[in-house]
Amino acid sequence: MNETEIQELTQCQRSYFLTGATLPVSARIGALKKLRLCIQAHEEEINQALKADLGKCAFESYMCETGLVLSELSHMIRHTPYYAKEHTVPTPLAQFSSRSYRKPSPYGVVLIMSPWNYPFLLSMDPLIDAIAAGNTAIVKPSAYSPNTSRIIEKIVSQCFDRSHVAVVTGGRAENTCLLNEHFDYIFFTGSQHVGREVMEKASRHLTPVTLELGGKSPCIVEKSANLKLAAKRIVFGKFLNCGQTCVAPDYIYCDREIKDDLILHIQKQINRQYSASPLNNENYGKIINQKHFSRILGLIDSGKVVCGGESNPDTLQIAPTVMDGVTFEDAVMQEEIFGPVLPVLTYESIDEAIAKVNSMAHPLALYIFSSDKSVIDKVTSQCGYGGGCVNDTLIHLATSEMGFGGFGESGMGSYHGKEGFDTFTHYKSIVDKKTWIDLPMRYQPYRRLNEKLLRKFLK
């Protein structure tokens, strides 16, 4: 799609939005129900697309993408009637007699830019929230996951007129054209580098943004932790989708006393979950493309590998890899890994660990494994991060009951459930003043009696 076509599409959606067609709650619910049926009808095609792009098996595709999308749809279909209601708030006595309320209103035309690592989930989840809030939307999926982009485009075109929801495919040229347009809201999921570009472009139109980015999410393992269970859950969270998860544990930061035992448990769990030959496991995925395959291999220091390290350039697969003896100065600690490589670093005290984590860029997620409540409270209170888990990994994002989002360098804003509805909604603050009485104290000429009354009202 060229620049002129994108301009026409944006204007088409703005014109449609201004008709008020997206405002009735019944229309929003109808659109969400139609989308749910279409996704269910195309589930096998979605699985095939995710298999082609990322090597995901059908179970993982449903668990991590399609199933979560359907869950968000069910939540929004059930709760949008309440979310979209006006909500009365208390009115100050000085404004007697009137009603004060907050009126949820859609922003208008929104742009949703999604990444390649969970291409279906991270395109559809924000789209669901945007539709529930009453917006029109243009979805721009990643060029790196073309098979999933095609099925997204197919589903959207079957469910919506392009004036309501449309998909724009392509690469950098299309991204640039879209970001040059004036949107009412931009929702971006991707790298910090591109996130800065999105924010810069949005600032030209003073367009509000949500940025879902990433970062080096630490996994702190304190000495009182159940190491066997910790290893099991860390291996799941780290190597799911071959480590290509924005909230995957980027590195382990553990007490020096338990490091060796923890590594042994991790090695056992890798063998148990992925077999002794992960590259031959049909349920183990692949790296998205050659560029990222080469980048990840460049982060592996063969002298520090204690487990894994094997790769297959023909299938773009890298075995689950654990590195020991890593320092914060190593190459693997200079960027978000976003691959199946797990460095292990150690600390002498939990205070040292907290200070180090806080000295780095704010991560999208943080995980703490411990049986000591005081340690858990200390880490969750004193460390700055987007969200996370205690004695588990990843699962904090798999719910519509809590918002998910970044903090500082890992992003801004959040979504899922009510938070997602709020993200794509402007709340108008309105006072409905009654006409049967009009208190005179605010009008000139000001009188001393009025001033005394005013002071009483505003205390």
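Our structure's up above, just so we're on the same page.
Given the structure is predicted, the values throughout are model-derived calculations rather than measurements. (Residues numbered from 1 in each chain as written. Predicted model: local features only at pLDDT ≥ 70, side-chain atom pairs only at ≥ 80, totals over all residues. Heavy atoms only, no water.)

Engineer: How would you explain helix α6 (residues 146-159) if you had to name every residue and give the values?
Structural biologist: With 14 residues, α6 extends 20 Å from end C-alpha to end C-alpha; this agrees with the ideal 20 Å at 1.5 Å per step. Those residues of α6 that fall on the buried side of the exposure criterion are Thr-148, Ser-149, Ile-151, Ile-152, Ile-155, Val-156 and Cys-159. Down the axis of α6, the buried side of the element spans an arc of 165°, and every buried residue falls inside it. Those residues of α6 that are exposed and aimed more than 90 degrees away from the buried face are Arg-150 and Ser-157. Those residues of α6 that are buried are in contact with α2 (25-41), α3 (43-54), α5 (121-132) and β5 (165-167). (Helix = DSSP H or I, 4+ residues; strand = E, 2+ residues; numbered from the N terminus. Expected span 1.5 Å × (residues − 1). Buried < 20%, exposed > 50% of the residue type's maximum accessible area, 1.4 Å probe, protein only. Arc of directions from axis to C-beta. Contact = heavy atoms within 4.5 Å.)

Engineer: Help me get a handle on a nonpolar patch on the surface, residues and values and all.
Structural biologist: Together, Leu-93, Phe-96 and Trp-436 make up a nonpolar patch on the protein surface, roughly 370 Å² of accessible area in all. By the secondary structure assignment, Trp-436 is in the loop between β20 (425-433) and α15 (448-457). On the basis of relative accessible area, Trp-436 is assigned to the exposed category, the value being 61%. (Patch = residues over 30% accessible without salt bridge, like charges linked within 9 Å, V, L, I, M, F, W, Y side chains within 5 Å. Areas by Shrake-Rupley, 256 points an atom, 1.4 Å probe, with all protein chains shown as cover. Salt bridge = Lys/Arg side-chain N within 4 Å of Asp/Glu carboxyl O.)

Engineer: Tell me about the environment of Ala-248, and please be specific about residues and values.
Structural biologist: Structurally, the position occupied by Ala-248 is in the loop between α9 (227-239) and β9 (251-255). C-alpha of Ala-248 to C-alpha of Tyr-443: the two residues are 195 residues apart in sequence and 61 Å apart in space. Those residues within four positions of Ala-248 in sequence are excluded, and the remaining contacts are Ser-217, Gly-237, Lys-238, Gly-243, Tyr-367 and Leu-394.

Engineer: Describe the pairing of strand β2 (residues 98-106), naming the residues involved and giving the relevant values.
Structural biologist: Looking at chain direction, strand β1 (residues 87-89) and β2 are connected through 3 bridges and run antiparallel. Bridge pairing links Thr-88 to Tyr-101 in β2. (Pairing = 2+ DSSP bridges.)

Engineer: Outline the environment of Leu-211, listing residues and values.
Structural biologist: Relative to the helices and strands, Leu-211 resides in strand β7 (residues 209-212). For Leu-211, a relative accessible area of 4% gives the class buried. Separated by 187 residues in sequence, Leu-211 and Ala-398 have C-alpha atoms that sit 19 Å apart. When sequence neighbours within four positions are dropped, the list of residues in contact with Leu-211 reads Phe-188, Gly-195, Val-198, Met-199, Ser-410, Gly-411 and Met-412.

Engineer: I'd like a description of the packing of α3 against helix α4 (residues 58-83), backed by residues and values.
Structural biologist: Where α3 meets α4, the closest approach of the two axes is 10 Å, and the angle between their N-to-C directions is 105°. Classified by the angle between their axes, α3 and α4 sit roughly perpendicular to one another. Taking contact as the criterion, the partners of Glu-43, Ile-46, Asn-47 and Leu-50 in α3 are, on α4, Ala-58, Ser-61, Tyr-62, Glu-65 and Thr-66. In the contact of α3 with α4, the residues fall into 4 nonpolar, 3 polar and 2 charged. (Axes fitted to C-alpha atoms, helices over the stretch in contact; angles between N-to-C directions. Parallel < 35°, antiparallel > 145°, perpendicular 65-115°, else oblique. Nonpolar A, V, L, I, M, F, W, Y, C, P; charged D, E, K, R; others polar.)

Engineer: How would you explain a positive patch on the surface if you had to name every residue and give the values?
Structural biologist: Together, Lys-228, Lys-232, Lys-268 and Arg-272 make up a region of like positive charge exposed at the surface. Checked against the element boundaries, Arg-272 lands in helix α10 (residues 259-274). Given a relative accessible area of 58%, Arg-272 falls into the exposed group. (Lys, Arg positive; Asp, Glu negative; His and termini not counted. Charge placed at Lys NZ, Arg CZ, Asp CG, Glu CD.)

Engineer: Tell me about the nonpolar core, and please be specific about residues and values.
Structural biologist: If you look at the biggest cluster of nonpolar residues, it comprises 114 residues, and the most contacted ones within it are Ile-155, Val-221 and Ile-252. Leave out the neighbours within four places in its chain, and Ile-252 touches Cys-219, Val-221, Ile-234, Leu-262, Ile-266, Leu-342, Pro-343, Val-344 and Leu-345. (Core = buried A, V, L, I, M, F, W, Y, C linked by side-chain atoms within 4.5 Å.)

Engineer: Break down the packing of α3 against α6 for me, citing the residues and quoting the values.
Structural biologist: Where α3 meets α6, the axes come as close as 7 Å, and the angle between the chain directions of the two elements is 155°. Overall, the two elements α3 and α6 adopt an arrangement that is roughly antiparallel. Of α6, the residues touching α3 (which contributes Glu-45, Ile-46, Ala-49, Leu-50, Ala-52 and Asp-53) are Pro-146, Asn-147, Thr-148, Ile-151, Lys-154 and Ile-155. For the contact of α3 with α6, the class distribution of residues is 7 nonpolar, 2 polar and 3 charged.

Engineer: Before we move on, can you summarise the sheet that holds β2 with the specific residues and values?
Structural biologist: As summarised here, the arrangement of the 3 strands in space is β1-β2-β20, forming an open sheet in which the pairing is antiparallel. Edge positions in the sheet fall to β1 and β20, since each has one partner strand and no second. Averaged over all pairs of adjacent strands, the angle between strand axes in this sheet comes to 30°, irrespective of strand direction.

Engineer: Tell me about α3, residues and numbers included.
Structural biologist: With 12 residues, α3 extends 16 Å from end C-alpha to end C-alpha; this agrees with the ideal 16 Å at 1.5 Å per step. Among all positions of α3, only Ile-46, Asn-47, Ala-49, Leu-50, Asp-53 and Leu-54 are buried. Buried residues in α3, looked at end-on, bunch into an arc of 165°, giving them a common side. Elements that come into contact with the buried residues of α3 comprise α2, α4 and α6. Where α3 ends, the next residue or the one after it, Gly-55, has phi of about 70°, a positive value.

Engineer: Now, about the pairing of strand β4 (residues 136-140): what can you tell me, with residues and values included?
Structural biologist: Most of β4 is tucked away, with 5 of its 5 residues classed as buried. Neither face of β4 is exposed, since Thr-136, Ile-138 and Lys-140 on one face and Ala-137 and Val-139 on the opposite face are all buried. Of the strand pairs in this sheet, strand β3 (residues 109-113) and β4 are connected by 5 bridges, and their pairing is parallel. Paired with Ile-112 across the two strands is Val-139, which belongs to β4. Taking the sense of rotation as the criterion, the β-α-β connection linking β3, α5 and β4 turns out right-handed. (Right-handed = clockwise from strand over helix to strand, strands pointing away.)

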